[in-house]
Amino acid sequence: QVQLVESGGGLVQPGGSLRLSCAVSGSIFVIHTMGWYRQAPGKQRELVATITNGGSTNYADPVKGRFTISRDNAKNTVYLQMNSLKAEDTAVYYCNAEVRVSILSGRNNYWGQGTQVTVSS
């Protein structure tokens, strides 16, 4: 099985910074695209940012210029550096990874348990 464990959430004041981490473990042949999504109360889960195993990135418009996604393929870990945080960034942040567990398997999507980010003064 494949497990995703997130860390780094918390309470921060507007304008502050946080760094989220997500480590992928288990039966892994290759990890393709990794990403971060978020879900605010009463809203649907939405894309924040993704990164391919080649390093190509994609960001949602609300976070462009403030958030940076990166990955360490040797550690099977993806990061999200969040700067200039705003109240509207408050949400549960979920890590996602497209994983092949063997050379014969297709890609499957796996999710972390989520980590709370609260931006408030």
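These figures come from a predicted structure and were not determined experimentally.

**A look at the pattern of salt bridges**
Right, so step 1: Scanning the model with the defined rule gives five salt bridges in all.
Right, so step 2: In this structure, Arg-66 and Asp-89 form a salt bridge, with 2.7 Å as the shortest nitrogen-oxygen distance. You can see Arg-66 sitting in the loop between strand 6 (57–59) and strand 7 (67–72) and its partner Asp-89 sitting in the loop between strand 8 (77–82) and strand 9 (91–100), a full 23 residues away along the chain. Both residues of the pair, Arg-66 and Asp-89, count as buried.
Right, so step 3: The partner of Glu-98 in a salt bridge is Arg-107, and the shortest N-O contact between them spans 3.4 Å.
Right, so step 4: Take Glu-98: its relative accessible area is 22%, and that puts it in the partly exposed class.
Right, so step 5: Salt bridges here are not isolated pairs; linked through shared partners, they connect Arg-38, Glu-46, Arg-66 and Asp-89.

**Concerning the environment of Thr-118**
Right, so step 1: Structurally, Thr-118 can be placed in strand 11 (residues 115–119).
Right, so step 2: Residue classification places Thr-118 among the partly exposed residues on the basis of a relative accessible area of 26%.
Right, so step 3: Thr-118 sits 31 residues away from Ala-87 along the chain, and the two C-alpha atoms are 7.5 Å apart.
Right, so step 4: Setting aside its immediate chain neighbours within four residues, Thr-118 contacts Gly-10, Leu-11, Val-12 and Thr-90.
Right, so step 5: A distance of 3.3 Å separates a polar atom in the side chain of Thr-118 from a polar atom in the side chain of Gln-116.

**Digging into the packing of aromatic side chains**
Right, so step 1: On inspection of all chains with the given rule, the structure shows one aromatic pair.
Right, so step 2: Over the face of the ring belonging to Tyr-79 we find Arg-19, whose NZ or CZ atom lies 4.1 Å from the ring centre.
Right, so step 3: Residue placement shows Arg-45 over the ring face of Tyr-94; its charged tip is 3.7 Å from the ring centre.

**So, the sheet that holds strand 8**
Right, so step 1: Taken in spatial order, the four strands line up as 1-3-8-7 in an open sheet, and their pairing is antiparallel. The open sheet has two edge strands with one neighbour each: strand 1 (2–7) and strand 7. Taken over all neighbouring pairs, the strand axes of this sheet differ in orientation by 15° on average, direction set aside.
Right, so step 2: Relative to strand 8, strand 3 (residues 18–26) runs antiparallel, the two being bridged by six bridges. When the sheet's bridge partners are listed, Leu-18 is paired in strand 8 with Met-82.

Conventions used here
- Residues numbered from 1 in each chain as written.
- Predicted model: local features only at pLDDT ≥ 70, side-chain atom pairs only at ≥ 80, totals over all residues.
- Heavy atoms only, no water.
- Salt bridge = Lys/Arg side-chain N within 4 Å of Asp/Glu carboxyl O.
- Helix = DSSP H or I, 4+ residues; strand = E, 2+ residues; numbered from the N terminus.
- Buried < 20%, exposed > 50% of the residue type's maximum accessible area, 1.4 Å probe, protein only.
- Contact = heavy atoms within 4.5 Å.
- Polar contact = N/O pair within 3.5 Å; in protein donor to acceptor, adjacent residues only side chain to side chain.
- Phe/Tyr/Trp six-rings, centres within 6.5 Å; stacked < 30°, edge-to-face > 60°.
- Lys NZ or Arg CZ within 6 Å of the ring centre and 35° of its normal.
- Pairing = 2+ DSSP bridges.
- Axes fitted to C-alpha atoms, helices over the stretch in contact; angles between N-to-C directions.

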